[in-house]
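Here are the chains, one letter per residue:
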Amino acid sequence: MSINIWHPFTQHGLGEPIPEIARAEAAALYQADGTKIIDAISSWWVQTHGHCHPRIVSAIQEQSTRLDQMIFAGWTHEPARELAAGLSDFLPESLEHIFFSDSGSTAVEVALKMALGYWHNRRESRQKILVMEHSYHGDTIGAMSVGARGVFNQAYAPLLFDVGTIGFPEAGAEQATLDQLETFCKDSENPPAALIVEPLILGAGGMKIYGPEILAQMAAICRDHDVLFIADEVMTGWGRTGTVFACEQAGVEPDILCMAKGLTGGVIPLAVTAATDPIYQAHYSENRAQMFFHSSSFTANPIACAAANANLAIWRDEPVQQRIDAIIASHLAFSDRLKQKSNVSGLRQCGTILAFEIDDGAGDYMSSLGPQLLAFFRDHKILLRPLGNTIYIMPPYCISSVELDAVYAVIEEAIDHFRDC
Ligand code: PMP
């Protein structure tokens, strides 16, 4: 019997090729025959400093010979303590408590459970979760429940819980979103427990951008009505939007913040859900029934924590912000070139992320242009994975100007190719 590998978000029935990668370095993946593929989406938005960064690699090597894995319920270890201490340089002061899990989805599940546990333990009846239209928070049942409904989760609809949805704050119509949020928050019959948002940019929902002033106003409305504000910084965290966390740009201190992906530099899985003291205190008691009931076998895996500590050291010691600023400037210049293209629309940038649509008359995730673009980029040795007809670039910060120019050139070629064909 041979066992077949079932790939994520892959329709095997279409028989598309699944190329194999043998090694990676900095902003590139290499096939066994030496073919170089430029990683223009940071390997699904996780890599920040580049593949196989020597400091992260050696931290993993060193830690794995000393303490590989241990239970984290009732026991602790130095890499986790070091990480908690180190994160205090990066997080708002109000986020005094961190809880470990393994992925962005679990960080979100933990956040939702913390929010509901907070109200439950305070004996206040608040169960409704508010979400933003077009959001994506992960693929587990809870995370899907607070994300957009569509073809991705139609089959599981009976399992998803009800939420209150506010509209995406489209440019010029932001007040409508704020008004909707306020109406939900004022509902004394069914007061919300929390609002969860992707700050500044909705990733999988189509790289949709809204301004820091709207983020700040949403947080203020929540605060005024005691509704917990959850920032899902799984994608936006660790520099993607130009600052370490997107919330910084709005001066927002969320009640709960989720991070994963870039926490270890994107090398191995680790997630953190950070929470304020009142949320921790709502679970702190001599009553065992009030503890926070969440765990997974690999919670705070020491090797993953060591990788995260190396990530923090890189942020402290290397010119990471300069690298980010160079990408931001380079994208801006490329945008000017894209503005000349007749079949490009919706050009937008949020920090190191540049996105736009290629007009194809259909325009959603299932657009037939998506797979054609994917194949075009694969054939041109660039790792880009359009969301339907939305093309976006989200490179690791170590990408060289030569590599970035090569990515831009192939994108321009694709734009012209799909206009002419
Ligand atoms: N939240 C956001 C905003 C994300 O972009 C993602 C993943 N793309 C997740 C949560 C889920 O993270 P993971 O894939 O690590 O479970």
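Residues numbered from 1 in each chain as written. Predicted model: local features only at pLDDT ≥ 70, side-chain atom pairs only at ≥ 80, totals over all residues. Heavy atoms only, no water.

## Some thoughts on the site of the ligand
So, step 1. By nearness alone, every residue bordering the ligand is listed as Trp45, Ser103, Gly104, Ser105, Tyr136, His137, Gly138, Glu198, Asp232, Val234, Met235 and Lys261.
So, step 2. At 2.7 Å from an oxygen atom of the ligand is found a side-chain nitrogen or oxygen belonging to Ser105.
So, step 3. Contacts to the ligand include Lys261, whose side-chain N or O atom sits 2.9 Å from a nitrogen atom.
So, step 4. Against a free-state accessible area of 400 Å², the protein chains account for coverage of 82% of the ligand.
So, step 5. Its residues assigned to classes, the shell around the ligand comprises 4 nonpolar, 5 polar and 3 charged. (Near = heavy atom within 4 Å. Polar contact = N/O pair within 3.5 Å; in protein donor to acceptor, adjacent residues only side chain to side chain. Areas by Shrake-Rupley, 256 points an atom, 1.4 Å probe, with all protein chains shown as cover. Nonpolar A, V, L, I, M, F, W, Y, C, P; charged D, E, K, R; others polar.)

## Things to note about the packing of aromatic side chains
So, step 1. Summed over the entire model, instances satisfying the criterion amount to 13 aromatic pairs.
So, step 2. On the numbers, 5.8 Å between centres and 85° between planes, the contact of Phe72 with Phe100 is edge-to-face. Within this pair, whereas Phe72 is found in the loop between α2 (54-66) and α3 (78-87), its partner Phe100 is found in strand β4 (residues 97-101), the two being separated by 28 residues in sequence.
So, step 3. Judged by relative accessible area, which is 25%, Phe72 ranks as partly exposed.
So, step 4. For Phe100, a relative accessible area of 6% corresponds to the buried category.
So, step 5. Within the aromatic cluster, the residues linked to one another by ring pairs are Phe90, Trp238, Phe245, Trp315 and Tyr397.
So, step 6. Across from the ring centre of Tyr30, 4.2 Å away, lies the NZ or CZ of Arg23, which sits over that ring.
So, step 7. The ring centre of Phe168 lies 4.8 Å from the NZ or CZ of Lys208, which sits over that ring. (Phe/Tyr/Trp six-rings, centres within 6.5 Å; stacked < 30°, edge-to-face > 60°. Helix = DSSP H or I, 4+ residues; strand = E, 2+ residues; numbered from the N terminus. Buried < 20%, exposed > 50% of the residue type's maximum accessible area, 1.4 Å probe, protein only. Lys NZ or Arg CZ within 6 Å of the ring centre and 35° of its normal.)

## Some thoughts on the environment of Met235
So, step 1. Mapped onto the secondary structure, Met235 falls in the loop between β10 (228-232) and β11 (256-259).
So, step 2. For Met235, a relative accessible area of 6% puts it in the buried group.
So, step 3. Not counting chain neighbours up to four residues away, the residues in contact with Met235 comprise Trp45, Ile201, Gly203, Met207, Arg240, Lys261, Ile353 and Met394. (Contact = heavy atoms within 4.5 Å.)

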